[in-house]
Amino acid sequence: MQKRGINWHFIRSHILVFDATLAILIFLIMSIGIITLYSAGIDFPGRVEDQMRNILVSFVIMWIMANVPPQTLMRFAIPIYTFGIALLLAVAVFGLVKKGSRRWINVGMTIQPSEMMKIATPLMLAWYFQKREGALRWRDFVIAAVILGIPVALIAKQPDLGTAMLVVAAGFTVVFLAGLSWKFLISLSLAAAVIVPTVVWPMLHDYQRDRVLTMLDPNRDPLGKGFHIIQSTIAVGSGGLHGKGYLKGTQSHLEFIPEHTTDFIFAVFSEEFGFVGNVILVSLYFLLIIRCLMIAANAPTMFARLMAGAVTMIFFTYAFVNMGMVSGIVPVVGVPLPFMSYGGTALVTLGMGLGIMMSVQRNRKLVQT
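If you're wondering where the values come from, they're calculated on a predicted model, not measured in any experiment.

What counts, and at which threshold
- Residues numbered from 1 in each chain as written.
- Predicted model: local features only at pLDDT ≥ 70, side-chain atom pairs only at ≥ 80, totals over all residues.
- Heavy atoms only, no water.
- Helix = DSSP H or I, 4+ residues; strand = E, 2+ residues; numbered from the N terminus.
- Rg over C-alpha atoms; globule rule 2.2 N^0.38 Å.
- Buried < 20%, exposed > 50% of the residue type's maximum accessible area, 1.4 Å probe, protein only.
- Contact = heavy atoms within 4.5 Å.
- Areas by Shrake-Rupley, 256 points an atom, 1.4 Å probe, with all protein chains shown as cover.
- Lys, Arg positive; Asp, Glu negative; His and termini not counted.
- Charge placed at Lys NZ, Arg CZ, Asp CG, Glu CD.
- 1 Å grid on protein atoms, 1.4 Å probe; cavity = no way out; pocket = protein on both sides within 12 Å on 5 of 7 lines; lining within 4 Å.
- Points joined across faces, edges and corners; volume = space filled by probe spheres on them.
- Nonpolar A, V, L, I, M, F, W, Y, C, P; charged D, E, K, R; others polar.
- Axes fitted to C-alpha atoms, helices over the stretch in contact; angles between N-to-C directions.
- Parallel < 35°, antiparallel > 145°, perpendicular 65-115°, else oblique.
- Left-handed = near helix turned anticlockwise from the far one by under 90°.
- Expected span 1.5 Å × (residues − 1).
- Salt bridge = Lys/Arg side-chain N within 4 Å of Asp/Glu carboxyl O.

Chemist: How should the overall build of the protein chain be read in this particular structure?
Modeler: Broken down by element type, the protein chain carries 15 helices and three strands. For a compact globule of 369 residues, the expected C-alpha radius of gyration is about 21 Å, and the protein chain comes in at 21 Å, within 12% of that figure. Here the C-alpha coordinates of the protein chain stretch approximately 65 × 65 × 45 Å along the principal axes. Taking all 369 residues of the protein chain together, 47% fall into the buried category. For the protein chain, restricting intrachain contacts to residue pairs at least 6 apart in sequence, the fraction spanning at least 24 positions comes to 72%. Entry remark: accessible area of the protein chain is about 18,600 Å², with carbon and sulfur atoms responsible for 69%. Taking the average location of the 28 positive side-chain charges in the protein chain and that of its 17 negative ones, the two points are 15 Å from each other.

Structure (structure tokens):
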């Protein structure tokens, strides 16, 4: 009787589906995140254990997505996008209100549908442009603007400016990579420079306008609206060259930094590890973005290239906006630091994005038909 050996082909094709470079970079960033979270959450028992479970869930989702070929994922673009829009409409009618925002809905468990639109919207746009490849007209970009504008408007209405901005960044990346001309892009930028202060600014909620004004001058209300941003910038600056030392950050441990296990975890890291630590962390994010761009450039189809480009922009926007708001150069919009901030919802989205990147890399030798 012949013994069956280990099916190495199955293991390589279905189990070991991870791009080594991406996997190493994410492992290093997550390791730094767990170390920092332990310090930031030392007064919140169980945070590290919960985050490890979140990472495990994210890892499973990443593995599942990595096993889904881009051409299969494309078939689900319309159902996923439509389902996401339906959930956003349900949130607008039946959603749960927390801290003045209607962003969640109870479907047996509490979920935030806007998170899935970070993937669903670029997925739909990539599908649309793939179908129109070789025959793009100006009206196709108008339709793409509608596809992007519907979820952005519903998310902004909740209000959730941070998530809306991330969806815009991912969706606009798809539109740009699909062939949006530089002339139109410049015209759009000039139009935005006129529209934002005259049209968008009056439409913002009071607290949103306060966030912008506080970013420009946090000392206008140093003990009120500007207190948190002042304290976070103090933490970043007080780290100096080498930092105050692990577990020795005073701003976080004395509760001066808000949300120091989530949105402001970068301030904790900066205070304890200083400029040197920041250079290492930013370098890891930079290498992650470069690797994702390489995967997007080598994608076999237009759909795969557009999706990979959108996911890359999601990673970049997460990191840039979070570090920017902690440093006082971007308004506080509640965007976590990718793979470091405590929380499960964002990790699930990031895990899906990583899985898509690995699927594109794994299927890079496909011949477009």
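Chemist: When you look at empty space enclosed by the protein in this model, what are you seeing that I'm missing?
Modeler: To find leftover empty space, a probe the size of one water molecule is rolled over the atoms. Evaluation of the coordinates by the stated rule reveals one cavity of 30 Å³ or more. When its volume is computed, the largest cavity comes out at roughly 50 Å³. As for the largest cavity, its lining consists of M65, V68, P70, L73, F303, A304, M307, I356, S359 and V360. Listing elements by their share of the lining of the largest cavity, those giving two or more residues are α4 (70–75), α14 (302–327) and α15 (345–362). Counted by class, the lining of the largest cavity contains nine nonpolar, one polar and no charged residues.

Chemist: Sorry, what's going on with unusual backbone geometry here?
Modeler: What you tend to see is this: most non-glycine residues have negative phi, and most peptide bonds are trans. Cis rather than trans, the peptide bond between Q158 and P159 has omega equal to -5 degrees. As for its placement among the helices and strands, P159 is situated in the loop between α7 (138–156) and α8 (161–177). Backbone geometry at L247 places phi at a positive 70 degrees, although glycine is not the residue there. Examined against the element boundaries, L247 turns out to sit in the loop between α11 (227–238) and α12 (250–253). In this model, E255 sits at a positive phi of 65 degrees, which is unusual for a non-glycine residue. By secondary structure assignment, the location of E255 is in the loop between α12 and α13 (265–297).

Chemist: In this structure, what is going on with the packing of helix α5 (residues 77–94) against α7? I would like to understand it.
Modeler: Axis angle and axis distance: for two packed helices, these are the angle between their axes and the distance between the axes, and together they describe the pair. Remark: α5 packs on α7, axes separated minimally by 10 Å, with the N-to-C direction vectors making an angle of 30 degrees. The angle between α5 and α7 falls in the class roughly parallel. Where α5 crosses over α7, the handedness of that crossing is left-handed. Residues Y81, I85, L88 and L89 of α5 touch α7, and the partners they reach there are I147, I150, P151, L154 and I155. Among the residues making up the contact of α5 with α7, the classes are represented as nine nonpolar, no polar and no charged.

Chemist: Is there a simple way to explain the side chain of S114 in this structure?
Modeler: Summarising the element assignment, S114 is placed in helix α6 (residues 113–131). In contact with S114, not counting residues within four places along its chain, are L88, I155, Q158, D160 and T163.

Chemist: Got a minute to help me understand α15 in this structure?
Modeler: Along an α-helix, residues three or four apart share an orientation, since each turn contains 3.6 residues. In this model α15 runs 26 Å from its N-terminal to its C-terminal C-alpha over 18 residues, within 8% of the 26 Å that 1.5 Å per residue would give. Of all 18 residues in α15, 14 are buried, a share of seventy percent or more.

Chemist: Please explain the pattern of salt bridges as it appears in this structure.
Modeler: When the charged atoms of two side chains with opposite charge come close together, those side chains can pair. Across all of its chains, the model carries six salt bridges by this definition. The closest approach of N and O atoms between D160 and R103, which form a salt bridge, is 3.9 Å. Taken together, the positions of D160 in the loop between α7 and α8 and R103 in strand β2 (residues 101–106) put the pair 57 residues apart, joining distant regions of the chain. Taken individually, D160 and R103 each receive the classification buried, so the pair is uniform in this respect. Close ionic contact of D140 with R132 constitutes a salt bridge, the shortest N to O distance being 3.1 Å. Accessibility expressed as a relative area gives 27% for R132, which makes it partly exposed.

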